[in-house]
Amino acid sequence: MLTKRKSRSVAAVLAFSGTLAPISGLHKFYLGQRLWGILYVLLSWTPIPKVASAIEGVWYLAQNEEAFDQNFNLGKSATKNSQKVSNQVGAIADAMRELDALRQDGLISEYEFEQKRRQLLDQIS
């Protein structure tokens, strides 16, 4: 099952909106905590979920990204993923520069250059 990375700011906004909206608990559904979300909805006629939502909104904002990722994103950090992607793009850019140098030196044809260039660009997406 594929799960998207949860945003700390979206969770905080949804939590704070639960203090004003007639139904609380949207942040719980967003974070994948369906049982808690249902409990918040069932108790929406009381002030309990509104107070809890406000406290949780502050808690989400007080955490750093690493702690939030550990709690709600199975420990997967966005910075690790972005570093991996930027390293991959950098390696492909270097390979394309080398490929262009081979083409300019006449060691490969235009056709070969275009084929290899497309293969490298396909690796990015």
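Residues numbered from 1 in each chain as written. Predicted model: local features only at pLDDT ≥ 70, side-chain atom pairs only at ≥ 80, totals over all residues. Heavy atoms only, no water.

An unreviewed UniProt entry lists the chain under the name TM2 domain-containing protein, with Nostoc commune NIES-4072 given as the organism. Word for word, the UniProt comment on the chain under Subcellular location (unreviewed entry) is "Membrane". (UniProt positions renumbered as here; feature names shortened; annotations may be inferred.)

**Q** Looking at this structure, how should I read the overall build of the chain?
**A** Looking only at helices and strands, one finds 7 helices and 0 strands in the chain. For the chain, the α and β elements follow one another from N to C terminus as α-α-α-α-α-α-α. Sorting the 125 residues of the chain into buried and exposed places 25% on the buried side. Within the chain, residue pairs in contact and separated by at least 24 positions form 54% of the contacts whose partners lie at least 6 positions apart. Carbon together with sulfur atoms contributes 62% to the accessible area of the chain, which is approximately 8900 Å² in total. (Helix = DSSP H or I, 4+ residues; strand = E, 2+ residues; numbered from the N terminus. Buried < 20%, exposed > 50% of the residue type's maximum accessible area, 1.4 Å probe, protein only. Contact = heavy atoms within 4.5 Å. Areas by Shrake-Rupley, 256 points an atom, 1.4 Å probe, with all protein chains shown as cover.)

**Q** Can you walk me through the nonpolar core in this structure?
**A** Where a protein is soluble and globular, its nonpolar side chains tend to be buried together. Judged by nonpolar contacts, Ala 11, Ala 12, Ala 15, Leu 31, Tyr 60, Phe 68 and Phe 72 together constitute the single largest core of 7 residues. When contributions to this core are tallied by element, the ones reaching two or more residues are helix 1 (8-20) and helix 5 (65-72). Element by element, the count of residues in this core is highest for helix 1, at 3 residues. Ignoring any residue separated from it by four or fewer positions in sequence, one finds Tyr 60 in contact with Arg 8, Ala 11, Ala 12, Ala 15, His 27, Lys 28, Leu 31, Phe 68 and Phe 72. Grouped together as the second largest cluster of nonpolar side chains are 5 residues, Ile 92, Leu 99, Phe 113 and Leu 120 included. (Core = buried A, V, L, I, M, F, W, Y, C linked by side-chain atoms within 4.5 Å.)

**Q** I'm lost on the packing of aromatic side chains in this one. Help?
**A** Centre-to-centre distance and the angle between the planes together describe a pair of aromatic rings. Inspection of every chain in the model, using the stated rule, returns 5 aromatic pairs. When the centroid spacing of 4.9 Å and the interplanar angle of 45° are considered together, the rings of Phe 68 and Phe 72 count as tilted. Taken together, the positions of Phe 68 and Phe 72, both in helix 5 and 4 residues apart, correspond to about one turn of that helix. On the basis of relative accessibility, which here comes to 0%, the residue Phe 68 falls in the buried class. (Phe/Tyr/Trp six-rings, centres within 6.5 Å; stacked < 30°, edge-to-face > 60°.)

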